[in-house]
Amino acid sequence: MRPETEAELAGMVAAAEAPLRIEGGGTRGLGGEGAGLSLSALSGVVLYEPGALTLVVKAGTALAEVEAVLAAEGQRLAFEPMDHRRLLGCEGVPTIGGVAAANVSGPRRVQAGACRDAMLGVRFVDGRGEVIRNGGRVMKNVTGYDLVKLMAGSRGTLGVLTEIAFKVLPVPEAAATLVLEGLSDDAAVAAMAAALGAPFDVSGAAHRPETDETLIRIEGFAASVDYRSGRLAELLDRFGGARVESDPVAGAALWRRVRDVEDFADRPGDVWRISVRPSDGPRAAQAARAEAAVYDWGGGLVWVLVGEGRDIRPDLAGISGHATRVRGAGPLASAEPAALAAMAARLKAAFDPKGILNPGAMG
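Cut-offs and rules
Throughout, residues of each chain are indexed from 1 in the direction in which the sequence is written. Side-chain atom pairs in this predicted model are given and counted only at pLDDT of 80 or more, local residue features only at pLDDT of at least 70, and totals for whole chains, interfaces and linings cover all residues. Side-chain measures were taken over the full set of non-hydrogen atoms in the model, leaving aside hydrogen atoms and water. Buriedness for pockets is judged along seven lines, at least five of which must meet protein on both sides within 12 Å for an open set on the 1 Å grid over protein atoms alone, while cavities are sets there where a 1.4 Å probe fits but cannot get out, and lining residues have an atom within 4 Å of a point. Grid points are joined across faces, edges and corners, and a volume is the space filled by probe spheres set on the points. Under the scheme used here, helices are H or I runs from DSSP no shorter than 4 residues and strands are E runs no shorter than 2 residues, and both carry numbers assigned from the N terminus. Residue type decides the class: Asp, Glu, Lys and Arg count as charged, Ala, Val, Leu, Ile, Met, Phe, Trp, Tyr, Cys and Pro as nonpolar, and the leftover types, Gly among them, as polar. Aromatic pairs are defined between Phe, Tyr and Trp rings, using the six-membered ring for Trp, whenever the two ring centres lie within 6.5 Å; interplanar angles under 30 degrees are classed as stacked, those over 60 as edge-to-face, and all others as tilted. Burial status follows relative accessibility: with a 1.4 Å probe on protein chains alone, a residue under 20% of its type maximum counts as buried, one over 50% as exposed, and anything between as partly exposed. By definition, being over a ring means that NZ of Lys or CZ of Arg is both within 6 Å of the ring centre and within 35 degrees of the ring normal.

A. Main features of the layout of surface pockets. Considering only enclosed or pocket space, the second largest pocket measures out at about 760 Å³ in volume. Along the walls of the second largest pocket sit 32 residues, with Arg76, Arg108, Arg217, Glu219 and Ala252 positioned nearest its centre. When residues of the lining of the second largest pocket are traced back to their parent elements, those giving at least two are α2 (63–71), β5 (75–76), β10 (174–181), β12 (213–220), α9 (222–235), β13 (243–245) and α10 (248–259). Looking at the lining of the second largest pocket, the element that brings in the most residues is α10, giving 6 residues. Residue classes in the lining of the second largest pocket are distributed as 15 nonpolar, 5 polar and 12 charged.

Printed below as a string of structure tokens:
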């Protein structure tokens, strides 16, 4: 099924009695069971006001199209959405609706916040086939229940996104990446904590054990970037000294490898995404018996590569946080605490009483 209007989509959902698998570009592994329901025809920019830093776009719009529109005005999606295609070994065209549905947020989250923090408003069709609008087009809009945040990361299980309003930001004039080499995981986390705790507005802090590189990014006006990167290099001198990569192409390539977890792209095994306190990052990787790891968000986000078919969540008992399998085959049993599972079930019943939207997507 491929509806061409929101009203047509609402009619299809209202008439459905069997599960529907919501699809954008099919690149993010949202999962789900049932007949395919493609949003690819619901595309295009609805409203773009560069002066107001506001973009309203239909959910099926290709992410590349959104980024091109913004780039023409010197602006961007600040949360740096990941491209899952290499990691998941899939093709297709990433869509902005898939980004929002999975709350996809890249390395810049430590400074700019997550995708959900940039979402100002949404339109979606719930499991009854009713069109719901929540939020607005400016940050000061307050409308009661924050369904915008609820829809971000719901993976299509509560409603089918049709339109999203985003706050966008200007592209900075310059960027520099400090590269430290040869640090252990614990030392790298300490270095990233020192950088993030300093008054230099760090926009990325990651560690790639596979290449023995720890990366710290600074962005802004050129003179400010030069000054802050120099001061930060002095601060990090106790970790062995850092070289500064100021070439924009080389710097962008470094962060794309982190953002898209390219270190795992061509390697067999399951990939898990673990969110913990940054200081617990190395401990979580060790507990998961990771074959390889990538640390982002200063150590608070740990990507691990493990053997196929192994549920790592029991191994992480005693470490606060949560783990989600991003690549792997076969179902997983729910590991949500009873109270959280009960809340999720009530939300599902309220927004999708027929239980037809992306069943199984959260597993």
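B. Structural context of the packing of aromatic side chains. Throughout the structure, instances matching the rule amount to 2 aromatic pairs. Judged by centre distance (6.3 Å) and plane angle (50 degrees), the rings of Phe124 and Phe351 are tilted. Linking Phe124 in strand β6 (residues 119–125) with Phe351 in helix α12 (residues 338–351), this pair joins segments that are 227 residues apart in sequence. Taken as a pair, Phe124 and Phe351 share a single burial class, namely buried. Directly above the ring of Trp297 sits Arg109, whose terminal nitrogen or CZ lies 4.6 Å from the centroid. Here the guanidinium or amino end of Arg217 rests over the ring plane of Trp255, the centre of that ring lying 4.5 Å away.

C. Spatial organisation of empty space enclosed by the protein. Following the criterion strictly, the structure yields 1 cavity of 30 Å³ or more and no others. In this structure, the largest cavity occupies an estimated 40 Å³ of space. Along the walls of the largest cavity sit Ala78, Phe79, Ala112, Ala114, Asp117, Ala118, Lys167 and Leu169, which together make up its complete lining. Class assignment of the residues belonging to the lining of the largest cavity gives a composition of 6 nonpolar, no polar and 2 charged.

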